[in-house]
Amino acid sequence: MSALLTVRGLSAGYGPIEVLHGVDLDVQEGQVAVILGANGAGKTTMLRAISGMIPRTGVVDFNGQSIIKTAPERIVSLGVAQVPQGRGTFTDLTVDDNMRAGAYVRHDHEVVSDLALWYETFPRLKDRRSQKAGTLSGGEQQMLAIARALMSRPKLLLCDEPSLGLAPLITKALFQTIQRLNEQHGLTVLLVEQNANLALDIAHHVCLLETGLIIAAGSPAAIASDDAVRRAYLGA
Amino acid sequence: MKELLQYILDGLSIGSIYALIALGLVVIYRGTGHINFAQGEMALFSTLVTWWLHDKGVPLLLAIAISAALAFVGGALIDVGLMRPAGRRSAFAPVVVAIGLFQGLNSLSGLLFPKSGQGLPFPSLFPNKPKDFVSIFGAAWRIERIGVLAVVLVTTALLFVLFQKTKIGLAMRTVANDATSAKLVGVPTNRILMFSWALAAVIGAIGGALKAGIDTNVSIGSMFSVFLLSAAAATLGGLDSPGGAVIGGLSLGVIESLVGNYPHDWPASDWIGIKTKTVVAFLIILIVLLVRPSGLFGSSRVERV
Amino acid sequence: MTSTLRARQIRYGGSLHWILRAIVAAVLVVLVWRMVSGAVPSSLGKYTEAMALAIAALSLNLLFGFNGQISIGHSTFAGISAFFLGYSIRFWDNIAFVSLVEACVLCFLVGVVIGLPALRLKGPYLALVTLAIAYVWPTVARQFIERKVTAVTGESALTKFLVRPPSWTGLKNTRQDRALYLFWVALALMVLCYVVVRNLRTSRVGRSLVAVRDNETAAAVMGVNLARTKVLTFGVSAAMAGVSGWLIAAEIGTVDENSFTILTSIKYILALILGGAATLTGPIVGAFAYFFADDYLKRHAPHWNWLPGKFGDGPIASFLLGVLVIGFVFIAPQGIVGLCRRIGRNIATVVPEPIRGPTHEPANEPNNLPNNLPNNLGESTS
Ligand SMILES: Nc1ncnc2c1ncn2[C@@H]1O[C@H](COP(=O)(O)OP(=O)(O)OP(=O)(O)O)[C@@H](O)[C@H]1O
Ligand SMILES: [Mg+2]
């Protein structure tokens, strides 16, 4: 197994404020890695730094290639798709157009068949394909955001708190979907989650982020057995 | 009744030019959230280039095509060289630059084409002799007017195909909707904005040539009122709605034409007529805006700052 | 732009600060004295016009710099006021000063009426409405002249209204004395407008203006009466533009529908940008800079023989001004005043006294552009 994403000493922030103070992270190909952390720990910032949306320094290697100087839109075409926190769907565009926009970086002729594939995976979207995304429910928009990201045929999916604002049942279904994508399609996933219990269930690797630093990393079992972690994140 | 039809037809064809230029404004507004105050002067400059080429013996249509191609490059350069760096300065800087560009381009036109102050003779694009008209239900519709309307409608249709059916159109719509998310799906937002400016400049070149053709004249001041009326049309339709721009432009043209031909024996004809047609048109738009603050078809999304 | 030299710190209200202030005041007095002494009517008139432009820029600044509203229609208020002066003196035998007050009230009211849509309209839509107003004005003015002036006198413009110096000034009704009189009136009005803006800025009302500009929703939550603040600002700003129009009309002595067009409004905006929007002195500095740059270029640029042939004859001045304004966005985004301040800061900074009372007026003008440069006074300004 090789690391699809290697992050070393990554620092990033907003203007004069540095939020990430040199974090290290490895995401192995075909695995689900989960980042846990309190509000404001810098999880979203970390994903943004990886996808190039904010200025960053350090080492970010994707698929053996450095992407630290690469523009965000290039990074997408290399195979990193992001589902941003708060979904970021194009509310004025139809579901269909959202999905097609997701395939923007592709130049092959299989967009239509992929469209069919993901509509099959998310049937609710298919029923609403000509509806404007802004009129979808929160859960449907979250599905759309994920489906849109998948349309780019990513090797790595960055997923920021997909369960935010979803009912427990839907969250559960969503996690099952992510797991299925990982197992059946071999999709590598880097997941940010507040819902630690659910996330640990599907994770192969977990790291804990606190005020811009990784304070612990390891297998879910190891992390879950750590007392401090249990108290802070698992509520037990 | 016959006259009424006549006025509406006349209004439609002038209005179609407003609609076209308004589309140029909308294209840029959707991408940047700013009104391009230099749109009229960009059109003026291209039209003068067309005139110059034609004057040097280039066939008119070819001259228009060359000047549209130059406009495409020029528009892109304006974005890359001025607007984008300005946008990094502050949210308001692009507006100031556009106003400066307005003044700069207008006087540059005067410098490069010294006689354009008084007006340069511009050939009509279509037959425009007194006998060149077709009669529709008794109303005389001049061929040149039909030609202008046809050109605009075809251009507009092509633009809509571009927006709705092509990949670059889809990218333009994503940028208009949410630039950050557009980047996240891999849309090169800067290149899309550059394309929008280039497209707006081409639209200006076409609109300018049509207007000059109808007037058979192009002068330094001729595009300013077109810009204003187009801006009004875009406002009426909703600044971020291409369909609204077209409907706004056509209705503005018709309103103007109807008010301009207000019968002398009707009430208040002292105040409504050819001299006050723009005032009346603007008043109507103001009333529409008071009822619908973001135009007839504009989205009332929270404005970008 | 950090200088290796440590900038000298001047304490606010300290003796050095007072000396600086005295020097500035002295320089201003000398400047005014130089303007007046031995001046012929035409050069006095230029100063008057520059000051009128300054007043217009001040009024625009009130709206735009402090309240975030853009108006391209301010030429219209100036036009209304100019027409009012001309008409009321010529046909009603009005006293000039009465007409000034009346014109201001009129502009205020029109401004309030036009400001009302501002409650509902956002940014670009409002800008376009004011643009439309500026565009419509010449038509209205033309109608007015035709119906009210030409019909009576046969003239095609409002003319033959003179603002005569009152007898207590000791000035006679000659061309020279009238110019001198108007110069002083302009100076007084400009200072008055400056003081009004300055006080508005530092008052409670002023702070609510800035609050509205920076974040409407938050301002409303904090209890700022949005509607009243916005509409009143528009009204006051319109009245001030009226003062400017009154002055121009009094100085030039004839107005028609082409005296106040959109280009006039654009001139106001350019002057403001050149000087520095959202600074107190910016409009005045910018107006003088713009006016005299324009004047200089108009007179000299046609004779620059290094320009390629025919360029000298065309609107070269206007072109260079356009280039200048664009250049300023990149070189000095906060205008001349901002630039001077940035340079000055490397030499000396005025620091506030250690906290004593609750109200502290910062020594430098409060600088409130949204994207502020790192500011040595940052902590004390806002
Ligand atoms: N656009 C921004 N500008 C300035 N500071 C920001 C910005 N976005 C986030 N921050 C700051 O960066 C820090 C980390 O934010 P981040 O969004 O990465 O947290 P997070 O771990 O994702 O939190 P949450 O669980 O609430 O989503 C916070 O202190 C936040 O205030
Ligand atoms: Mg987050």
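Refer to the structure above for everything that follows.
Residues numbered from 1 in each chain as written. Chains lettered and ligands numbered in written order. Predicted model: local features only at pLDDT ≥ 70, side-chain atom pairs only at ≥ 80, totals over all residues. Heavy atoms only, no water.

**Observations regarding the overall build of chain A**
Across its full length, chain A carries 10 helices and 10 strands. Compactness check: chain A gives a C-alpha radius of gyration of 17 Å against a globular reference of 18 Å for 236 residues, within 12% of the reference. Looking at the 236 residues of chain A, the share that counts as buried comes to 55%. Accessible area of chain A: about 10,000 Å², with a carbon and sulfur share of 51%. (Helix = DSSP H or I, 4+ residues; strand = E, 2+ residues; numbered from the N terminus. Rg over C-alpha atoms; globule rule 2.2 N^0.38 Å. Buried < 20%, exposed > 50% of the residue type's maximum accessible area, 1.4 Å probe, protein only. Areas by Shrake-Rupley, 256 points an atom, 1.4 Å probe, with all protein chains shown as cover.)

**Points about the packing of aromatic side chains**
Under the definition given, this model contains 18 aromatic pairs over all chains. Note on Phe45 of chain B and Phe113 of chain B: the rings are 6.5 Å apart at their centroids and 70° apart in plane angle, and the pair reads as edge-to-face. Here Phe45 of chain B, found in helix α2 (residues 39-55), pairs with Phe113 of chain B, found in the loop between α4 (93-112) and β1 (120-121); they are 68 residues apart in sequence, far enough to count as distant. Ring centres 5.1 Å apart and planes at 75° place the aromatic pair Phe291 of chain C and Phe292 of chain C in the edge-to-face group. By relative accessible area, Phe291 of chain C is classed as buried at 14%. A residue is classified by how much of its surface remains accessible, and Phe292 of chain C, at 26% relative accessible area, is partly exposed. Each member of the aromatic cluster is reached from another via a ring pair, and the members are Tyr47, Phe183, Trp184, Phe288, Phe291 and Phe292 of chain C. Directly above the ring of Tyr104 of chain A sits Lys167 of chain B, whose terminal nitrogen or CZ lies 5.3 Å from the centroid. The ring of Trp18 of chain C has Arg21 of chain C sitting right over it, with the charged end atom 4.8 Å from the ring centre. (Phe/Tyr/Trp six-rings, centres within 6.5 Å; stacked < 30°, edge-to-face > 60°. Lys NZ or Arg CZ within 6 Å of the ring centre and 35° of its normal.)

**Overview of the site of ligand 1**
Residues and elements named next belong to chain A. Near ligand 1 you find 14 residues, and of these Gly40, Lys43, Thr44, Thr45 and Gln194 are the closest. Here a nitrogen atom of ligand 1 sits 3.5 Å away from a polar atom, N or O, in the side chain of Tyr14. Between ligand 1 and Thr44, the relevant distance is 2.6 Å, taken from an oxygen atom to a side-chain nitrogen or oxygen of the residue. It is helix α1 (residues 43-50) that contributes the most residues to the shell around ligand 1, 4 residues altogether. Of the residues in the shell around ligand 1, the class split is 4 nonpolar, 7 polar and 3 charged. (Near = heavy atom within 4 Å. Polar contact = N/O pair within 3.5 Å; in protein donor to acceptor, adjacent residues only side chain to side chain. Nonpolar A, V, L, I, M, F, W, Y, C, P; charged D, E, K, R; others polar.)

**Describing the sheet that holds strand β10 (residues 213-218) of chain A**
All names here are of chain A. Taken in spatial order, the 6 strands line up as β6-β7-β8-β3-β9-β10 in an open sheet, and their pairing is mixed. Only two strands of the sheet have a single neighbouring strand rather than two, namely β6 (80-83) and β10. With strand direction ignored, the average angle separating the axes of adjacent strands in the sheet is 15°. Of the pairings in the sheet, the one linking strand β3 (residues 32-37) to strand β8 (residues 188-192) comprises 4 bridges and is parallel in character. (Pairing = 2+ DSSP bridges. Axes fitted to C-alpha atoms, helices over the stretch in contact; angles between N-to-C directions.)

**What to know about the packing of helix α2 (residues 41-64) of chain C against helix α6 (residues 175-202) of chain C**
Residue and element names in this part refer to chain C. Packing of α2 against α6 brings their axes to within 9 Å, and their N-to-C directions diverge by 20°. Of the possible angle classes, the one that applies to α2 and α6 is roughly parallel. In this structure, α2 crosses over α6, and the sense of that crossing is left-handed. Residue composition of the contact of α2 with α6, by class: 20 nonpolar, 2 polar and 1 charged. (Parallel < 35°, antiparallel > 145°, perpendicular 65-115°, else oblique. Left-handed = near helix turned anticlockwise from the far one by under 90°.)

**Side note on the pattern of salt bridges**
In the structure shown here, the tally under the stated rule is 17 salt bridges over all chains. We note a salt bridge from Asp96 of chain A to Arg100 of chain A, for which the minimum N-O separation is 3.8 Å. Residue Asp96 of chain A and its partner Arg100 of chain A are both found in helix α3 (residues 95-102); the two are separated by 4 residues, about one turn of the helix. For Arg100 of chain A, a relative accessible area of 34% gives the class partly exposed. Between Asp97 of chain A and Arg173 of chain B there is a salt bridge, and its shortest N-O distance comes to 2.8 Å. Of the two residues, Asp97 of chain A sits in helix α3 while Arg173 of chain B sits in helix α6 (residues 167-177), which places them in two different chains. Take Arg173 of chain B: its relative accessible area is 8%, and that puts it in the buried class. Salt bridges sharing partners connect three or more residues here, namely Arg106, Asp108, Glu110, Asp114 and Arg153 of chain A. (Salt bridge = Lys/Arg side-chain N within 4 Å of Asp/Glu carboxyl O.)

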